[in-house]
Amino acid sequence: FSHFLINFSQIPIVTPGEELPQVILDSKAQHSVSWKSAILLYDNTFDRDMISRCVIALSRNFPDDANQVMPLSVTIYRIRESALDWNRRKYIRNLLKSLPTKFIGTNFMILVTTELMLMIMEIAKDLHIVNPFSQWFYVVSDTNYINSNISAATTLIDEGNNIAFIYNFTKDSSDCVNGIKCHCNEVLKAFVLGLSKAIREEMAVYGQISDEVRH
């Protein structure tokens, strides 16, 4: 048989709950996020270490990439906590109104809970800063397989708005979720399936060559 090559995607080993920097890095590597600058807003559900790693992921470049994924500049704002809904709304409104978007751009990455996401979307829409020239990327921190309904956000989205969401839809089960053993099993399974497919393709080619030689 001729030589053949099977390619596998890399599977990063990430502790559950620590996936966000890797998700951001993958989004950049796949050109899903191709910004030159970003405004990062986050709430208290993300600690300083997590935000630092997210900023590093956003700022990382890929010099060997054929399409030249370049680092981007990041402006960070933390949304202050408040027990009163009115105070939070006032703070968010003042924050969004005061952003110097002329200098820092109009690409927003928002890391917040579902409730805060809806509040930001409502205020941003009211301020007319959600438009075809701005991009909004919401990472919703308090979702899971059971509680992942963010359909209420659709009523706040108009035609031409550039809005994307990342939220957790993981279903815990006896199937592979995380862990080195689990990933090894998945990689081995993928290898066996890939090898089997490659052998079938090689056999088909070999059979055709043999028939031509015989005739």
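Predicted model only: the values in this text are computed from it and were never measured.

A.B. asks: Help me understand the overall build of the protein chain, please; the structure alone is not making it clear to me.
C.D. replies: Secondary structure summary: the protein chain contains six helices and five strands in total. Expressed as a percentage of the 215 residues in the protein chain, the buried residues total 31%. If you take every contact in the protein chain between residues at least 6 apart in sequence, the share linking residues at least 24 apart comes to 79%. For the protein chain, the computed accessible surface area is about 14,300 Å², with 54% contributed by carbon and sulfur atoms.

A.B. asks: What is the right way to look at the packing of aromatic side chains in this model?
C.D. replies: Each aromatic ring pair is specified by the distance between its two centres and by the angle formed by the two planes. Summed over all chains, the structure comprises three aromatic pairs. Judged by centre distance (3.9 Å) and plane angle (5°), the ring pair of phenylalanine 108 and tryptophan 136 falls under stacked. Of the two residues, phenylalanine 108 is situated in strand β3 (residues 107–112) and tryptophan 136 in strand β4 (residues 135–140); the sequence distance between them amounts to 28 residues. Consider the rings of tyrosine 138 and phenylalanine 165, whose centres lie 5.8 Å apart with planes at 20°: the pair is stacked. Of this pair, tyrosine 138 sits in strand β4 while phenylalanine 165 sits in strand β5 (residues 162–167); the two residues are 27 residues apart in sequence, bridging distant segments of the chain.

A.B. asks: What am I meant to see in the sheet that holds strand β1 (residues 37–42) here?
C.D. replies: Whenever strands of a sheet pair, they do so through backbone hydrogen bonds, lying parallel or antiparallel. With parallel pairing, five strands are arranged side by side in an open sheet as β2-β1-β3-β4-β5. Strand pairing shows two members of the sheet lacking a second neighbour, β2 (73–78) and β5, which therefore form its edges. Here the average twist between neighbouring strands, direction ignored, is 15°. With six bridges connecting them, β1 and β2 associate as parallel partners. Paired with serine 37 across the strands is serine 73, a residue of β2.

A.B. asks: Just checking my understanding: could you explain the packing of helix α1 (residues 20–29) against helix α2 (residues 48–59) for this structure?
C.D. replies: Pairs of packed helices are described in terms of their axes, by the angle between the two and the distance that separates them. Their axes nearest at 8 Å, the elements α1 and α2 cross at an angle of 10°. Put simply, α1 runs roughly parallel to α2. Contacts from Leu20, Pro21, Ile24, Leu25 and Lys28 of α1 reach α2 at Met50, Arg53, Cys54, Ala57, Leu58 and Ser59.

A.B. asks: When you look at a nonpolar patch on the surface in this model, what are you seeing that I'm missing?
C.D. replies: A cluster of nonpolar side chains, Leu188, Phe191 and Val192, forms an exposed patch at the surface whose accessible area comes to about 280 Å². Along the chain, valine 192 turns up in helix α6 (residues 180–214). According to the relative accessible area criterion, valine 192 is partly exposed, its value standing at 48%.

A.B. asks: Could you clarify how one ought to interpret the environment of threonine 155 in this entry?
C.D. replies: With respect to the helices and strands, the residue threonine 155 is situated in the loop between β4 and β5. Look at threonine 155 and you get exposed, because its relative accessible area is 60%. Spatially, the C-alpha atoms of threonine 155 and glutamate 122 are 9.6 Å apart, while their sequence positions differ by 33 residues.

Basis of the calculations
- Numbering of residues starts from 1 in every chain and runs along the sequence as written.
- Local features are withheld for residues below a pLDDT of 70 in this predicted model, meaning they are given only at 70 or higher, and side-chain atom pairs are given and counted only at 80 or more; totals for whole chains, interfaces and linings count all residues.
- Hydrogens are left out, water is left out, and the side-chain values use all remaining heavy atoms of the structure.
- Secondary structure elements follow DSSP: runs of H or I of four or more residues count as helices, runs of E of two or more count as strands, with numbering from the N terminus.
- Buried means the residue's accessible area, taken with a 1.4 Å probe over protein chains only, is under 20% of the maximum for its type, while exposed means over 50%, and partly exposed covers the values in between.
- Residue contacts are defined here by distance: any two heavy atoms, one from each residue, within 4.5 Å place the two residues in contact.
- In these tables, accessible area is a Shrake-Rupley quantity obtained with a 1.4 Å probe, and a residue counts as shielded only by the protein chains included in the view.
- Planes of paired rings set the category: under 30 degrees apart is stacked, over 60 is edge-to-face and the rest tilted, where pairs are Phe, Tyr or Trp rings (Trp by its six-membered ring) whose centres lie within 6.5 Å.
- Strand pairing requires that DSSP identify at least two bridges connecting the strands.
- Axis lines are fitted to C-alpha atoms, over the contacting stretch for helices. Their N-to-C directions set the angle, which ranges from 0 to 180 degrees.
- Angle categories: roughly parallel below 35 degrees, roughly antiparallel above 145, roughly perpendicular from 65 to 115, and oblique for all the rest.
- Excluding any residue in a salt bridge, patches collect residues exceeding 30% relative accessible area, merging like charges within 9 Å and nonpolar Val, Leu, Ile, Met, Phe, Trp and Tyr side chains within 5 Å.
- Salt bridges, as used here, are contacts in which a Lys or Arg side-chain nitrogen is within 4 Å of a carboxyl oxygen on Asp or Glu.

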